[in-house]
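# Working through the structure, step by step
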Amino acid sequence: MWAVEIISPTEKARAIRNKREIYRQAGILYWEMYPNTQSVDIYAPGEPMRTVDIDGTVDGGSVLPGFTLPLRELFAK
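The notes below deal with the structure included here. (Residues numbered from 1 in each chain as written. Predicted model: local features only at pLDDT ≥ 70, side-chain atom pairs only at ≥ 80, totals over all residues. Heavy atoms only, no water.)

It is worth spelling out the pattern of salt bridges at this point. A side chain with one charge can pair with a side chain of the opposite charge if their charged atoms come near. Across all of its chains, the model carries 5 salt bridges by this definition. With a shortest N-O distance of 2.8 Å, Arg20 and Glu32 are connected by a salt bridge. Remark: Glu32 occurs in strand S2 (residues 29-34) and Arg20 occurs in helix H1 (residues 13-25); sequence separation between them is 12 residues. Across the pair, exposure class does not vary: Arg20 and Glu32 are buried alike. The residue Arg72 makes a salt bridge to Asp55 at a minimum N-O spacing of 2.5 Å. Residue Arg72 is found in helix H2 (residues 71-74), and its partner Asp55 is found in the loop between strand S4 (50-52) and strand S5 (57-60); the two are separated by 17 residues along the sequence. A relative accessible area of 52% means that Arg72 is categorised as exposed. According to the relative accessible area criterion, Asp55 is exposed, its value standing at 58%. Because the salt bridges share partners, they merge into one network encompassing Glu5, Glu11 and Lys19. (Salt bridge = Lys/Arg side-chain N within 4 Å of Asp/Glu carboxyl O. Helix = DSSP H or I, 4+ residues; strand = E, 2+ residues; numbered from the N terminus. Buried < 20%, exposed > 50% of the residue type's maximum accessible area, 1.4 Å probe, protein only.)

Let us now look at the nonpolar core. In terms of nonpolar packing, the biggest core is built from 12 residues, these being Leu29, Trp31, Met33, Val40, Ile42, Ala44, Val52, Ile54, Val58, Leu69, Leu71 and Phe75. Of all the secondary structure elements, the ones that give two or more residues to this core are S2 and strand S3 (39-43). With 3 residues, the single largest contributor to this core is S2. Once residues lying within four places of it in the same chain are set aside, the contact partners of Leu69 are Gly56, Thr57, Val58 and Leu74. (Core = buried A, V, L, I, M, F, W, Y, C linked by side-chain atoms within 4.5 Å. Contact = heavy atoms within 4.5 Å.)

Our focus in this paragraph is the pairing of strand S1 (residues 2-6). Here S1 shows a buried face lined by Ala3 and Glu5 and an unburied face lined by Trp2, Val4 and Ile6. Inspection of the sheet shows S1 paired to S2 by 5 bridges, in the parallel sense. When the sheet's bridge partners are listed, Ala3 is paired in S2 with Tyr30. In this view, the connection linking S1 to its parallel neighbour S2 by way of H1 has right-handed handedness. (Pairing = 2+ DSSP bridges. Right-handed = clockwise from strand over helix to strand, strands pointing away.)

Once that is clear, we can look at the packing of aromatic side chains. What characterises a pair of aromatic rings is the spacing of the ring centres plus the angle enclosed by the ring planes. Taken as a whole and judged by the stated rule, the model has 5 aromatic pairs. Seen from their ring centres, Trp2 and Phe67 are 5.9 Å apart, and the 50 degrees between their planes marks the pair as tilted. Taken together, the residues span a long stretch of sequence, with Trp2 in strand S1 and Phe67 in strand S6 (residues 64-70) at a distance of 65 residues. We classify Trp2 as partly exposed; its relative accessible area is 38%. An aromatic cluster is present here, built from Trp2, Trp31 and Phe67 joined pairwise through their rings. (Phe/Tyr/Trp six-rings, centres within 6.5 Å; stacked < 30°, edge-to-face > 60°.)

Following this line, the structure appears as structure tokens:
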């Protein structure tokens, strides 16, 4: 399973952490997208969190094999 959350500037850190923990405990690939910084925090099952910035590419890992997306395309204006 895979979940993507677009984080708005008005969201509370505690609410974000609570959702993140639910996804992590369920073993779900979870992306937190931050439009303001044009970055994505990736929480993949069994791996440390990693941050991908505008110059990077996100991938689906073992959950979505073969899926890749350059963040420049995702955050294109």
